[in-house]
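Architecture and fold: a report
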Amino acid sequence: MASHSDTLVVFFGATAGANGGKLGSDEREIILLVWQIVDLHEKKVGKLHRCLVKPDTLELTDQCKEDTGLTAEDLVEAEPLDKVLQQFQQSVSSEVKCLGRNSFTLCVDSPHVIRQALHPEASKKNLVLPECFFSFVDVKKEFHKCCPNASPVQKLTFTSMLEYVGLPAVSEQSMGEMEVSSMVQLTLQILAEPYSKQTYVVNVFFLSSFSSKTEPVDSETVIRARGLPWQSSDQDIARFFKGLSIAKGGVALCLNAQGRRNGEALVRFISSEHRDLALERHKHHMGSRYIEVYKATGEEFLKIAGGTSNEVAQFLSKENQVIIRMRGLPFTATPQEVLSFLGSESPVTDGGEGLLFVKYPDGRPTGDAFVLFSCEEYAQNALKRHKQILGKRYIELFRSTAAEVQQVLNRYMSAPLISTLPPSPMMPVSVLTTPPYLPAASSTRDCVRLRGLPYTAGIEDILEFMGEHTVDIKPHGVHMVLNQQGRPSGDAFIQMKSPDKSFMVAQKCHKKTMKDRYVEVFQCSTEEMSIVLMGGTLNRSGLSPPPCKLPCLSPPTAYAAFPTPPSILSEALYQPPLLAAPRPHQTITHSPAHTLAYYPPQPHMYMNMNMNYTAYYPSPPVSPSTVGYFAAPPGSVAAAVAAQPHPAAAAASSVLPQHGALVRMQGLPYNTGVKDILSFFQGYQYAPDEYSGMVQMSEQARSLIQPKEWLCL
């Protein structure tokens, strides 16, 4: 900010501890204030004032005693800080009025006395500082601007500056008077010219705001504060750093795995200078707790506070609002019920527009909500409802921040649709391997799921829906899920190049419209995508295999569409209701017209009797193969596959019984015959003695109310 004031008040202060470049770094109180008025227009100098200040603790360090020449006895009769500031205001106002001026500006040798000493102490003592202490001129920076060839600002001293401009050094001996007299001479020499002086401002309030993940954040402006009281808010943190300028929306409280505050916060300042001053407050106190302050990075800040949700951005667009977080809401709670719970004593800003319900990626409520209030009084009235009952649940209310809103939304929106894959208690069994376009299972969340697509939507419609994000799709990365009848199911999966790209798509494209239908877009992992593509059901309650109601559909016969050897999924997906393991390949005498070839056993695969057909992008020239049971492939392909040795064959024979595996079937129709069962297990081998045993059991099963079939394979 430029200042055109011709009246300066040269100001100096000292504390009971460290002074100079370390002023205020040890939380010691101010014990000395010195000031003098300078009229630059008339080049007049007022009276030099020197006032001692009585601290709450009459303890001075040895270095302070040596520098200032003061002792604890000298401060016993002094006035406290609030009284001295009143004297300062009255004295300066009177002198400025006598000079015929209306305003003045403070002039200091460094920002430490204002930012690191005066404002923090006044904040701790709940003192209201006069308006003049919220802006100042830095004489060293002004000198460097006028004399750029001089030493850097950090190395400038009064002696070197006076020598550079050809002025004699000041001979006063007492601390404070010498510094003020030197600054007066310099201001008359370099600031008397009619040009705009740079005025530095101390922010009065901290403003919360929405931070975008795409916003560049300089790592030289971010710190991490540790050891905060769990109930502290962003305003409490801004008060701890009183005197320093925090960027708009620059306080991000960190949450633990349970979504509760962990006593840490990331704070972003407007410049590296303010960040360096903040680091000097390492182990300063907030109440009875000392706070550790360390360097942090811009990536860490954006990870906590950044977001891309338009809904959150709109919610936080209203400035100067008090945010309250509600936790434990009934899942069926409506905005009107929440407004009624808060009551007329705490009206919510813009009614229902001031409520933000937190939801899972599938749209289900989490029981959390954020509420905006226009003033502190309304927020205090709302906090009185803490642990009162709504429905049959008690509701927790506590203060929150804009960064916490974003962090909670990020946490829930990035949560997997399932927590973990259930461990399989049974041995994996082999099925046919998957087409080469099906990706290997991974927990990396680099995919998105589209739900609610129009049934007429094709690949081109999806690419148009993705818009600018199309360039971030992996090759063969669009997977359209078809139902048993080969028709679109309304779902699709898209593989992106990175988790960040998938997150951006989920945030930007969620609930966009495609052909008059809104489409839900959720971030997910390759692992979760594979589960659905293999026919399972994906939801937060776990994995559900499809019901085994029909025998497998005959797959398409175009094996040439996948000429490369099929790949093997690296992890078991889920435990199906029916397990069957074909024996290793054996030569069986059949007529040439009925020659069959079988795939050898493959490890770590589960069968699914009701697989989804999946279309891939770009689509192959023929219909893609289903993942599951396959009819016998053409003779040349089958022979090549059967001839390939596979290490799993020996392992399977050592685990499975040598005389076959016993399979139990439940839910057979009453009129089921042996031919129906053999047709159902087409593609698997069985011995003649096992077939006869099955026939006998089948005859006995007809007398049962609920037939159960056993078959040795």
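Everything discussed here concerns the structure shown above.
Rules of the game
Residues numbered from 1 in each chain as written. Predicted model: local features only at pLDDT ≥ 70, side-chain atom pairs only at ≥ 80, totals over all residues. Heavy atoms only, no water. Pairing = 2+ DSSP bridges. Helix = DSSP H or I, 4+ residues; strand = E, 2+ residues; numbered from the N terminus. Axes fitted to C-alpha atoms, helices over the stretch in contact; angles between N-to-C directions. Buried < 20%, exposed > 50% of the residue type's maximum accessible area, 1.4 Å probe, protein only. Arc of directions from axis to C-beta. Contact = heavy atoms within 4.5 Å. Core = buried A, V, L, I, M, F, W, Y, C linked by side-chain atoms within 4.5 Å. Left-handed = near helix turned anticlockwise from the far one by under 90°. Nonpolar A, V, L, I, M, F, W, Y, C, P; charged D, E, K, R; others polar. Parallel < 35°, antiparallel > 145°, perpendicular 65-115°, else oblique.

**Notes on the sheet that holds strand β13 (residues 284-286)**
Ordered in space as β11-β12-β10-β14-β13, the five strands form an open sheet in which the pairing is antiparallel. Each edge of the sheet is formed by a strand with only one pairing partner; in this case those strands are β11 (246-255) and β13. Strand-to-strand, the axes of this sheet are offset by a mean angle of 30 degrees, without reference to chain direction. Bridging between strand β10 (residues 222-226) and strand β14 (residues 289-295) involves four bridges; their strand directions are antiparallel. Considered in β14, the bridge of Ile223 is made with Lys295.

**Section: helix α11 (residues 335-342)**
Those residues of α11 that sit buried are Val338, Phe341 and Leu342. Along the long axis of α11, the arc covered by the buried residues comes to 95 degrees, so they all point the same way. Opposite its buried face, α11 presents the exposed residues Gln336 and Ser340, each directed more than 90 degrees away. Taken together, the buried residues of α11 touch β16 (322-327), β17 (355-359), β18 (365-373), α12 (376-383), β19 (388-390) and β20 (393-399). One or two residues past the end of α11 sits Gly343, with phi positive at roughly 85 degrees.

**Details of the nonpolar core**
Counting 31 residues, the largest nonpolar core has Val10, Phe12, Ile31, Leu60, Phe143 and Leu186 as the members making the most contacts within it. Looking at this core, the elements with two or more residues in it are β2 (7-15), β3 (30-39), α4 (139-146), α5 (158-164) and α6 (177-190). The dominant element in this core, judged by the number of residues it contributes, is α6, at five residues. Once residues within four sequence positions are removed from consideration, Phe12 is found in contact with Leu32, Leu33, Val34, Val113, Met175, Gly176, Glu179, Val180 and Met183. Of all hydrophobic cores here, the second largest spans 29 residues; its members include Ile37, Leu85, Val92 and Val202.

**Focus: the packing of α4 against α6**
Across the interface, α4 lies against α6 with an axial gap of 11 Å and an inter-helix angle of 35 degrees. Once α4 is placed against α6, the crossing between them reads as left-handed. When α4 is examined against α6, the residues Val139, Glu142, Phe143 and Cys146 are found in contact with a partner set consisting of Met183, Leu186, Thr187 and Ile190. Taken together, the residues of the contact of α4 with α6 break down into six nonpolar, one polar and one charged.

**Topic: the packing of helix α9 (residues 298-305) against helix α13 (residues 402-413)**
Two elements in contact, α9 and α13, have axes separated by 7 Å at closest approach and are oriented at 75 degrees. With respect to each other, α9 and α13 are oriented roughly perpendicular. In this structure, α9 uses Lys303, Ile304 and Ala305 to contact α13, whose residues at the interface are Ala403, Gln406, Gln407 and Asn410. Its residues placed into classes, the contact of α9 with α13 shows three nonpolar, three polar and one charged.

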